[in-house]
Each structure stands twice: as structure tokens, then as C-alpha cells.
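# Coordinate analysis (summary)
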Amino acid sequence: MDSSESADTVHALTELGELLVDSVLRGEPFDTIKHIVQEGAPLWYQNESEGLSALHAAAYMQDAELVQFLIDEGAVWNSMDNMKNTAGDIALSFNNEAVYTMIRNAGIRAEMLLALLASRSEPEEPSSLVIRSEDVTAAASTDAFLASKLKFIKDKNGQEICVVKAGEDEIGVMMGWEQNIMQETVKSLCEGHESANSLKILNIGFGLGIIDSLFQALPTRPITHYIVEPHPDVIQRMKEQGWYQKPGVKILECKWQDSIQDLLAVGGFDVVYTDTFSEDYNALRAFFELVPDLLAGPESRFSFFNGLGATNALFYDVYTHLAELHLSDIGIEVKWQDVSVYNDNSDRWGSTREYFLLPMYRLPIGTMNLM
Ligand SMILES: C[S@@+](CC[C@H](N)C(=O)[O-])C[C@H]1O[C@@H](n2cnc3c(N)ncnc32)[C@H](O)[C@@H]1O
């Protein structure tokens, strides 16, 4: 094909794409739209003016039949319009549960498939949702992150935060406002635990040490408290803060991937928590697979920082369901709890990139399902 032919093809596809979106928005009959799709209109096409795809348009029209048809024909569930809304966000804004659920389930199916493909291919393909393979900054590459200098500073409210430079942006590794999430997590992991008086705890990722300090402040101090942390600046701070002298605390200065054999050999943990940085869903899922062998038994509890996709309600919902399904596959049943993180203090991010924009954090507590 010469360049004028390919320009003609692009032009024809653009015209068909525009026609499809316009027809959906005009409420044309189902058969007319089906015909345009069968003529080859690209379902991935997003119109010039607003960035709307046919799926966005069908969500605006609240046409469940059409939404299902477009999904079945391969519409892209997670594309964002110029306002950064997905079709799922639009359905949500209309409170249209049926349409929203169809789009969300399409997302879950697509991500399940991607995760399956990733587990069978070398090298691994990252999940399509948030962190893309081309992101080699400290935000999405563990090597880049571990080689970066961390800054421990105070936010406008005087709360401690830890930030790292990622390309042009500064991004929070751990922000002070997450204290509440950590508090609720410790409560749900430890309160009423059968082994509350002799807890054996494993935490992956020290960060600001918020959760580890909360574990240490439990009415009965944990008997054994493993912390896995690879970043040299964090390790330096742990030394300055006396973590190496605390009774029962054992610090492994490496990534969880490099200490997993030792951790499995220890095993028998009553509580396991993980909250790393710059890792994608595939890494989290790889950790999930190990959890049953790390836990002591059915009374043991597991949680993880459920923050992937949290810049968008639909993405967050898809990740939350994906995690639940994958954990259920390996015999871990998850109960979810909503923790309000709404805060009208728009300064909580300072100049850092925002990564959690939803009013609710969905806190997972997993236990071994022996059924
Ligand atoms: C978000 S912070 C953890 C915050 C912590 N939950 C708290 O309460 O302060 C993430 C931490 O995970 C560490 N980390 C990153 N990749 C890791 C990996 N592969 N294994 C273990 N820790 C990792 C980072 O160095 C960082 O200290």
C-alpha cells in the first residue's frame, strides 16, 4: 500500500468511526448501528470533538442492549474521553447499574485474560490498566525506584511523607493521609485474632513505618515481626530510628522476591501484609500465590494495599474484583471494608502526582477458605 492509499484507508476509517459515534448519540435504531459496525466501523475510534467512542456514546444513551453488543464486538472497555471518563464512569454518573456492570465485567474478563497470558509468556506483559510497560520511571520500575534518592519531608499539615522523582513528576511513595487506612488495616488484621497474644507478623514494604509502628503498638507486642525492605534510604532511616534494636523485629534488606525462600522456610505467619511501590498487578498476583504457604492456618489474616487503579472508579472496581477472583482461585476468601479517605483538603498531595482520587478505600481482609 502506498502512502496515498494508506491515507485513504485512515480517512475511510475515521469517517466510519465518526458515523458510528454520531449514530449512537442520535439514537439510531439498533439494526442501523449493527450495520455500520458490520461495514467495518472501528470500535476503538474516539471522535475528534470529545474523545467519545461508540461505547461512551451507548453509555450516554443508557442503551444496555447496544452496550452489550459493542462489548461483544470488541469495544475497548477502558478508553477515556477528553474529560478522562470511561464509558463505565458515564454509566455510573447516570446511576445505571446494569450498564455499569456490563462494562465492568468486560474489564474483569479482559484483565483476567491478560493476566493469564502474562502468566504464560516471557517476559511478562504488564496489566493494561494503570502502569504501562513504557513507564520506566521510579513509579513503575523497581530498578529505577531502588536507584532513586528518596526525600522524607512534611506535607502542609505537618504529616510526614516520602517522595521520589519519577520523570518530570514527584510522586509520593507514602503519604501521611494514608495513616487512617493503615490504622483500619491493623485493626481488622489483629483485633480479636486467636493469636492476639503471640502474633507472628510479616510486613512487606516499610515506607514511613506507619503500619509497622502500629503493629508494634498493639496491646501485646508481636512475638516475631518480619519486615522486608530493599530501599537503601528507607533502611538507613530504619537504622536511625532504632528498628534493628526492637525485640522480635527481623529486617530483611531486600525485595520480597529475593527473600521469599527464607520467608517460606519461616512460614506460619498469623498476619501478612504487603504494600510495595512501583510494582504492577502481576507482581501483586505473584505474591498472592505465595500467601497460602506463608499463613499459619485458617485463623491467619492477610491484607494488601488496594491502591491499583485508584485514579478512576471503574478501574478501581475492576482491580478489586480481579484481586478477589484471583485470591479465591487459591483458596483465600476476601471480605471488604470501606474506609473513607475523603478529605476536602486539596493540599494533601502538595506538588506530588495524585494516585488515589476516590472517596473510599476498599480494605481487603483475606483468610484461608477451607471449604
Ligand atoms: C508505600 S511504602 C509502604 C508504606 C507502609 N505500608 C507504611 O505504613 O508506611 C512501599 C515500600 O515498599 C518498598 N518496596 C518497593 N518494592 C519492594 C519489593 N519488591 N519488596 C519489598 N519492598 C518493596 C519501598 O521501598 C517502600 O519502602
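The structure this text deals with has already been given above.
Residues numbered from 1 in each chain as written. Predicted model: local features only at pLDDT ≥ 70, side-chain atom pairs only at ≥ 80, totals over all residues. Heavy atoms only, no water.

For the rest of this paragraph, the subject is the sheet that holds strand E1 (residues 150-154). An order of E1-E2-E3-E10 is seen for the four strands of this open sheet, with the pairing classed as mixed. At either end of the open sheet lies a strand with only one pairing partner, and these are E1 and strand E10 (352-353). Across the sheet, helix H10 (residues 232-240) lies against E1 and strand E2 (160-166), angled at about 55° from E1, the strand it touches most. (Pairing = 2+ DSSP bridges. Helix = DSSP H or I, 4+ residues; strand = E, 2+ residues; numbered from the N terminus. Contact = heavy atoms within 4.5 Å. Axes fitted to C-alpha atoms, helices over the stretch in contact; angles between N-to-C directions.)

Membership of the largest hydrophobic core comes to 61 residues, with the highest contact counts inside it found for Leu-20, Leu-70, Leu-202, Leu-263 and Leu-294. Each of two domains, domain 1 (3-119) and domain 2 (173-368), supplies a minimum of three residues to this core. For Leu-202, the residues in contact, after removing those within four places along its chain, are Tyr-226, Val-228, Leu-263, Phe-269, Val-271, Val-272, Tyr-273 and Leu-294. Counting 49 residues, the second-largest nonpolar core is a separate cluster that includes Ala-139, Trp-177, Ile-201 and Ala-310. (Core = buried A, V, L, I, M, F, W, Y, C linked by side-chain atoms within 4.5 Å. Buried < 20%, exposed > 50% of the residue type's maximum accessible area, 1.4 Å probe, protein only. Domains from an automatic or database assignment.)

Turning to empty space enclosed by the protein, a few remarks are in order. Here the structure, examined in full by the defined rule, presents two cavities of 30 Å³ or more. Approximately 330 Å³ is the volume found for the largest cavity. Around the largest cavity sit 27 residues that line it, and Gly-205, Glu-229, Asp-275, Thr-276 and Phe-277 are the ones nearest its centre. Of all the secondary-structure elements, those providing two or more residues to the lining of the largest cavity are helix H7 (142-146), strand E3 (169-174), helix H9 (210-216) and helix H11 (256-266). It is H7 that contributes the most residues to the lining of the largest cavity, three residues altogether. (1 Å grid on protein atoms, 1.4 Å probe; cavity = no way out; pocket = protein on both sides within 12 Å on 5 of 7 lines; lining within 4 Å. Points joined across faces, edges and corners; volume = space filled by probe spheres on them.)

We now examine the packing of helix H12 (residues 281-294) against helix H13 (residues 313-329). Closest axis-to-axis distance for the H12/H13 pair is 10 Å, and the angle between their directions is 25°. It follows that H12 is roughly parallel to H13 by the angle criterion. Of the two elements, H12 crosses H13, and the hand of that crossing is right-handed. Across the interface between the two elements, Tyr-281, Arg-285 and Phe-288 of H12 pack against Tyr-319, Leu-322, Ala-323, His-326 and Leu-327 of H13. (Parallel < 35°, antiparallel > 145°, perpendicular 65-115°, else oblique. Left-handed = near helix turned anticlockwise from the far one by under 90°.)

Another aspect to go through is the packing of aromatic side chains. Enumeration according to the criterion identifies 17 aromatic pairs in this entry. Relative to Phe-315, the ring of Trp-77 has its centre 5.7 Å away and its plane inclined at 80°; by these criteria the two rings are edge-to-face. Separated by 238 residues along the polypeptide, Trp-77 in the loop between helix H4 (64-72) and helix H5 (87-93) and Phe-315 in helix H13 bring together distant segments of the chain. Using a relative accessible area of 6% as the deciding quantity, one classes Trp-77 as buried. Feature note: the residues Trp-256, Tyr-281, Phe-287, Phe-288, Phe-302, Phe-304 and Tyr-319 constitute an aromatic cluster, connected by ring pairs. (Phe/Tyr/Trp six-rings, centres within 6.5 Å; stacked < 30°, edge-to-face > 60°.)

Below, the discussion takes up the site of the ligand. Not every one of the 24 residues close to the ligand is listed here, only the nearest: Val-173, Gly-207, Ile-211, Glu-229 and Asp-275. A distance of 3.2 Å is found between an oxygen atom of the ligand and a backbone nitrogen or oxygen belonging to Gly-209. Here the ligand, which alone exposes 600 Å², has 99% of that area covered by the protein. Most atoms of the ligand, that is more than half of them, are within 2 Å of grid points of the largest cavity. Those elements giving two or more residues to the shell around the ligand turn out to be E3, H9 and H11. (Near = heavy atom within 4 Å. Polar contact = N/O pair within 3.5 Å; in protein donor to acceptor, adjacent residues only side chain to side chain. Areas by Shrake-Rupley, 256 points an atom, 1.4 Å probe, with all protein chains shown as cover. Sits in = over half its atoms within 2 Å of the grid points.)

Turning our attention to H11. All of the buried residues in H11 are Trp-256, Ser-259, Ile-260 and Leu-263. Down the axis of H11, the smallest arc covering the buried residues is 140°, so these residues share one side. H11 presents Asp-258, Gln-261, Asp-262 and Ala-265 as exposed residues on the side facing more than 90 degrees away from its buried surface. Residues of H11 that are buried in the fold lie against strand E4 (200-204), strand E5 (224-228), strand E6 (249-252) and H12. (Arc of directions from axis to C-beta.)

A separate point is the pattern of salt bridges. Applying the stated criterion across every chain, the model contains nine salt bridges. The residue Asp-317 makes a salt bridge to Arg-104 at a minimum N-O spacing of 3.5 Å. With a gap of 213 residues between them, Asp-317 in helix H13 and Arg-104 in helix H6 (residues 97-120) connect regions that are remote in the sequence. The class of Arg-104 is buried, set by a relative accessible area of 14%. Across the pair Arg-285 and Glu-289 runs a salt bridge whose closest N-O atoms are separated by 3.9 Å. (Salt bridge = Lys/Arg side-chain N within 4 Å of Asp/Glu carboxyl O.)

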